[in-house]
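Examining the three-dimensional arrangement
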Amino acid sequence: MKRLSLADDTFLRLESRQQPQHIGMLMLLEPGKDAPADFAMQIAERLRQSNKAEAPFSLRLERSKGLHYWTEDKEFDLGHHFTHISLPKPGRIRELLAMVSRVHSGHLDRAYPLWRIYLIEGLEDGRFAVYLKIHHSMVDGVSGIKMLLKSMATTPEASLALPPIWETPTKKSRTSALPIPAAANRGLSALLAAARSSISSATPVWREFRTNIRDLKDKNPDVVVAGQAPRCLFNQNVSATRRFAAQSYSTPRIKAVATHYETSLNDVVLAMCGSALRHYLQDLNALPGKPLVAAVPVSMRGKGSKSKSSNEVAFTLTQLATDIDDPEQRLITIKNCMNYNKKQLRELSPGQAMAHATLKLIPGLRSSADSTFMNLVISHIPGPRRDMYWQGAKLSGLYPMSLLNHGGALNITLVSRYDFVDVGLIACRKAVPHVQHLLKYIEDGLCELEACIK
């Protein structure tokens, strides 16, 4: 048996009826033009021949003296984990997302390895889908994408020779746990490690943090710390029911805006989200006067970095300029805030950056009755940079689903894939009404920026 890390164990202990701690991924797949009518059925029959699983898919929880351990499941039961179903007619994307929303709301049975996968056919356009849910204690978003890509190939023929996803071994990445209000244990561990290591290691962290505090007192608009976010309808306790919405947006269009304003693609995506959140909350007469604040990941790999890891990531806070009506000024404001964050973090080593990010995430620095830790998490995960195939079918969508906890009823996660940015919205159905409206408003946010450069 292997004892779970503190961060992984935290996801298990946070879990409750209202707060399932699994993440998910919805893949849309397109059969070839000459594919038979029973193409999905053939895939299901082929996958059912599997009689084994690799870690983490083969690991089951054991509990001893109050501690959690992973142990090898000696009775692998594919029938429990794999399901082949068909959508009700007419088989629109609407029916697919509604079905996935319901399935994603349910908990995983701890008597088995903590994952399930669904092969879903019956889409009216001839495509089919694969939905995978897996506990966050087993896999995080970055390693989950890598795991899926290991089960794919760049040609239909090569993909048919690859084993099922659950026969693909993977390890959790070194990416930090999401900075959800309930806990950020890896960040706290990094802070303590920096303090213990040496004065030379800890000093840069405190120096940059003191700069934050000084800039905050000087009312520098680019600095954001925990407790600065205004409370809004996203900052309430969540119910047990989820609503999932997803859509793809053109990467070349987003890059054209980024090139014009000399920003990163991620800055433009954040501006699109800021615009969408502004219009959505305006519709509900619930837009705060102060800008919403999002926790976002920042890559720690500098231009001269020799590290082969793509997971040198720290989370930081940025304002989304939802108090600004002008789309151009909103983008510039977000760009300046993100540049401030990146400049500070890149003065530090990855470990120091994690400690510094944790200091900024400590609640209470500017807390009041009408403020909160943050409003939501917006994560951007790198995906495949070319066409990919799974079991002979072309990948045409890769939509992530994160988890929700009390105080954070909406999460936006994005995957950059080839010529598209695939966006997955997960929300508490009760707290966040008509979350699908955000998809249109994200597109509108891109159109607004395009209109500014014409």
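Residues numbered from 1 in each chain as written. Predicted model: local features only at pLDDT ≥ 70, side-chain atom pairs only at ≥ 80, totals over all residues. Heavy atoms only, no water.

**Details of the overall build of the protein chain**
Across its full length, the protein chain carries 13 helices and 17 strands. Counting every position in the protein chain, which comprises 454 residues, the buried fraction comes to 59%. Once local pairs closer than 6 in sequence are excluded, the contacts in the protein chain between residues at least 24 apart make up 79%. Per element, the accessible surface of the protein chain, about 19600 Å² overall, is 52% carbon and sulfur. (Helix = DSSP H or I, 4+ residues; strand = E, 2+ residues; numbered from the N terminus. Buried < 20%, exposed > 50% of the residue type's maximum accessible area, 1.4 Å probe, protein only. Contact = heavy atoms within 4.5 Å. Areas by Shrake-Rupley, 256 points an atom, 1.4 Å probe, with all protein chains shown as cover.)

**Description of the nonpolar core**
A general tendency of soluble globular proteins is for nonpolar side chains to be buried together. One finds Leu26, Leu96, Phe234 and Ile378 to be the most contacted residues of the largest nonpolar core, which totals 69 residues. Those residues within four positions of Leu26 in sequence are excluded, and the remaining contacts are Leu96, Leu97, Val100, Ala129, Val130, Tyr131, Phe244, Gly397, Leu398, Tyr399 and Met401. Judged by nonpolar contacts, the second largest core, of 44 residues, contains Ile117, Phe128, Val142 and Met388. (Core = buried A, V, L, I, M, F, W, Y, C linked by side-chain atoms within 4.5 Å.)

**Some remarks on the pairing of strand β2 (residues 22-30)**
Within β2, 8 of the 9 residues are buried, leaving the element largely enclosed by the surrounding structure. Judged from the 8 bridges that link them, β2 and strand β7 (residues 128-135) form a sheet pairing that is antiparallel. Residue pairing across strands places Leu26 opposite Tyr131, the latter belonging to β7. Relative to strand β15 (residues 393-401), β2 runs antiparallel, the two being bridged by 7 bridges. Counted as the bridge partner of Met27 is Leu398 from β15. (Pairing = 2+ DSSP bridges.)

**A short note on the sheet that holds strand β4 (residues 67-72)**
In space, the 3 strands of this open sheet follow the order β1-β4-β3, with antiparallel pairing throughout. With partners counted over all chains shown, the strands left at the sheet margins are β1 (2-3) and β3 (59-64), one partner each. Pairing of β1 with β4, which is carried by 2 bridges, proceeds in the antiparallel orientation. Residue pairing across strands places Lys2 opposite Trp70, the latter belonging to β4.

**Thoughts on the sheet that holds β7**
Hydrogen bonds between backbone groups are what pair the strands of a sheet, and the pairing can be parallel or antiparallel. Judged by pairing direction, the sheet is mixed, and its 6 strands sit side by side in the order β5-β6-β7-β2-β15-β14 without closing on themselves. Here the strands that pair on one side only, and so sit at the sheet edges, are β5 (82-86) and β14 (389-390). Together, β2, β5, β6 (115-121), β7 and β15 form the strand contacts of helix α4 (residues 93-105), whose direction differs from that of β2 by roughly 155°. Sitting on the sheet, helix α5 (residues 141-150) touches β2, β7 and β15, and the angle it makes with β2 is about 30°. (Axes fitted to C-alpha atoms, helices over the stretch in contact; angles between N-to-C directions.)

**A short note on the packing of helix α9 (residues 251-261) against helix α13 (residues 437-452)**
For any two helices packed against each other, one specifies the crossing angle of their axes together with the interaxial distance. As a packed pair, α9 and α13 sit with axes 10 Å apart at the nearest point and diverge in direction by 45°. On the basis of their axis angle, the class for α9 and α13 is oblique. The two elements α9 and α13 cross, and the hand of that crossing is left-handed. Touching Arg253, Ile254, Val257 and Tyr261 of α9 are Glu443, Leu446, Cys447, Leu449, Glu450 and Cys452, all from α13. Grouping the amino acids of the contact of α9 with α13 by side-chain chemistry returns 7 nonpolar, no polar and 3 charged. (Parallel < 35°, antiparallel > 145°, perpendicular 65-115°, else oblique. Left-handed = near helix turned anticlockwise from the far one by under 90°. Nonpolar A, V, L, I, M, F, W, Y, C, P; charged D, E, K, R; others polar.)

**Focus: the packing of aromatic side chains**
Tallying each qualifying case throughout the model produces 7 aromatic pairs. Ring geometry for Phe39 and Phe128: centres 6.0 Å apart, planes at 55°, overall tilted. Placement of the pair is Phe39 in helix α2 (residues 39-47) and Phe128 in strand β7, with a sequence separation of 89 residues. Each member of the pair, Phe39 together with Phe128, is buried. Seen from their ring centres, Phe57 and Trp115 are 5.1 Å apart, and the 90° between their planes marks the pair as edge-to-face. Of this pair, Phe57 sits in the loop between α2 and β3 while Trp115 sits in strand β6; the two residues are 58 residues apart in sequence, bridging distant segments of the chain. Judged on exposure class, the residue Phe57 and its partner Trp115 are both buried. Through pairs of rings, three or more aromatic residues link up here, namely Phe57, Phe76, Phe82, Trp115 and Trp166. (Phe/Tyr/Trp six-rings, centres within 6.5 Å; stacked < 30°, edge-to-face > 60°.)

**A short note on the packing of α9 against helix α10 (residues 265-283)**
Interhelical geometry of α9 versus α10 gives an angle of 100° and a closest axis separation of 8 Å. By the angle between their axes, α9 is roughly perpendicular relative to α10. Counted together, Thr251, Ile254, Lys255, Val257 and Ala258 of α9 and Leu265, Val268, Val269 and Met272 of α10 form the full contact between these two elements. Of the residues in the contact of α9 with α10, the class split is 7 nonpolar, 1 polar and 1 charged.

**Regarding the environment of Phe57**
On the basis of relative accessible area, Phe57 is assigned to the buried category, the value being 0%. Each C-alpha atom of the pair Phe57 and Tyr112 lies 9.7 Å from the other, and the pair is 55 residues apart in sequence. Discounting chain neighbours no more than four positions away, the residues touching Phe57 are Pro113, Trp115, Ile134, Met138, Met147, Ile165, Trp166 and Thr168.

**Some thoughts on the side chain of His68**
Looking at where His68 falls in the secondary structure, it is placed in strand β4. Since its relative accessible area comes to 5%, His68 is described here as buried. Of the polar contacts made by the side chain of His68, one reaches the side chain of Asp9; its length is 2.6 Å. For His68, the contacting residues outside a window of four places in its chain are Lys2, Arg3, Leu4, Asp9, Leu12, Arg13, Leu61, Glu62, Arg63 and Arg110. (Polar contact = N/O pair within 3.5 Å; in protein donor to acceptor, adjacent residues only side chain to side chain.)

**What about the pairing of strand β13 (residues 376-382)?**
In terms of residue burial, β13 counts as a mostly covered element, since 6 of its 7 residues are buried. Of the pairings in the sheet, the one linking β13 to strand β16 (residues 410-417) comprises 6 bridges and is parallel in character. Paired with Val377 across the bridge in β16 is Asn411.

**Structural notes on the side chain of Gln19**
Inspection of the secondary structure puts Gln19 in the loop between α1 (6-14) and β2. Those residues in contact with Gln19 that sit more than four places away from it in its chain are Leu14, Val238, Arg242, Leu404, Asn405 and His406.

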